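Chain by chain, the residues:
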Amino acid sequence: SIAYVLHKMGRLYCKVGKLEDGERKLREALDVWQRAAPDDKANMATTMQVLGSCLLDKQDFEEAERFLKESFELYAQVVPRNEKNIASVLHAMGRLYWTVGKLEDGERKLRESLDVKRRAAPDDKANMAPTMQVLGCCLLDKQDFEEAERFLKESFEICAQVVPRNEKNIASVLHAMGRLYWTVGKLEDG
């Protein structure tokens, strides 16, 4: 359908950093879903989730939160429940709250996301690593250094084992670990 194509185009634009184009296509997709298939909650929720993440990357935090919350509410209505999608929107909400300094809310959503991911696909460690990394950064900002180190180390170990290797993810985790060690004065480790 046209909404599906618009959604895919918007997602691609966001992924390559063309956030304005991505937002526009995702809003168009959402409009088509709402007019043509108002009962298709799963696809609307997915488009809202991607749009919320795009808006988060654009630093439009209020709009991002609105779409992520709506996405979560729609996913909760979808039967059968798709745990992967729920975990993904919880991750995005946690990242949003961490980014805007709502550290307690960020930690809670990220832990929820990780719990859902562990229940839904306990062997899919590669899917857990990004949430562990963001949770580690959130905990670092909360000055819970032991827990931050635990999550960052586990994220790094997973990233280092994933094939094919994602050097960007590895560098991002190493950066966060360096920040942690610099903050606590363990410069020889960072």
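Look up a bit, the structure's there.
For clarity, every value in this text was computed on a predicted model and none was experimentally measured.

## Structural notes on the overall build of the chain
Helices and strands together make up the secondary structure of the chain, namely 9 helices and 0 strands. Along its sequence from the N terminus, the chain presents helices and strands in the succession α-α-α-α-α-α-α-α-α. Against the globule reference of 16 Å for 190 residues, the chain gives a C-alpha radius of gyration of 17 Å, in line with a compact fold. Of all 190 residues assigned to the chain, the portion counted as buried reaches 42%. The long-range fraction of contacts in the chain, counting pairs at least 24 apart against all pairs at least 6 apart in sequence, stands at 54%. Carbon and sulfur atoms make up 51% of the accessible area of the chain, which amounts to about 10300 Å² in all. Here the chain holds 30 positive side-chain charges and 32 negative ones, and the gap between their average locations is 3 Å.

## Topic: helix α7 (residues 125-141)
Because each turn of an α-helix spans 3.6 residues, side chains separated by three or four positions in sequence point in the same direction. The end-to-end C-alpha distance of α7, which contains 17 residues, comes to 24 Å, matching closely the 24 Å that a straight helix rising 1.5 Å per residue would cover. Counting buried residues along α7, 12 of its 17 residues qualify, which places the element largely inside the surrounding structure. Taken as a whole, α7 has its buried residues at M128, A129, T131, M132, Q133, V134, L135, G136, C137, C138, L139 and L140. Buried residues belonging to α7 abut α5 (83-99), α6 (103-120), α8 (145-161) and α9 (167-184).

## Focus: the environment of Q34
Its location among the elements puts Q34 in helix α2 (residues 19-36). Among the residues examined, Q34 registers a relative accessible area of 39% and is labelled partly exposed. In sequence terms Q34 and A3 are 31 residues apart; their C-alpha atoms lie 9.6 Å from each other. Discounting chain neighbours no more than four positions away, the residues touching Q34 are M44 and M48.

## Digging into the packing of α8 against α9
At a minimum axis distance of 9 Å, the contact between α8 and α9 shows a crossing angle of 155 degrees. Here α9 runs roughly antiparallel to α8, going by the angle between their axes. Crossing angle aside, the handedness with which α8 passes α9 is left-handed. Where α8 approaches α9, its residues F145, A148, E149, L152, K153, S155, F156, C159 and A160 are matched on the opposing element by N169, I170, V173, L174, A176, M177, L180, Y181, T183 and V184.

## Overview of the environment of D57
By the secondary structure assignment, D57 is in helix α3 (residues 41-57). Given the relative accessible area of 42%, D57 is considered partly exposed. In this structure the C-alpha to C-alpha distance between D57 and C159, which are 102 residues apart in sequence, comes to 22 Å. In this structure, D57 is in contact with L19 and R95, ignoring residues within four places of it in sequence.

About the cut-offs
Residues numbered from 1 in each chain as written. Predicted model: local features only at pLDDT ≥ 70, side-chain atom pairs only at ≥ 80, totals over all residues. Heavy atoms only, no water. Helix = DSSP H or I, 4+ residues; strand = E, 2+ residues; numbered from the N terminus. Rg over C-alpha atoms; globule rule 2.2 N^0.38 Å. Buried < 20%, exposed > 50% of the residue type's maximum accessible area, 1.4 Å probe, protein only. Contact = heavy atoms within 4.5 Å. Areas by Shrake-Rupley, 256 points an atom, 1.4 Å probe, with all protein chains shown as cover. Lys, Arg positive; Asp, Glu negative; His and termini not counted. Charge placed at Lys NZ, Arg CZ, Asp CG, Glu CD. Expected span 1.5 Å × (residues − 1). Axes fitted to C-alpha atoms, helices over the stretch in contact; angles between N-to-C directions. Parallel < 35°, antiparallel > 145°, perpendicular 65-115°, else oblique. Left-handed = near helix turned anticlockwise from the far one by under 90°.

All quantities given are derived from atomic positions and should not be read as evidence of function.
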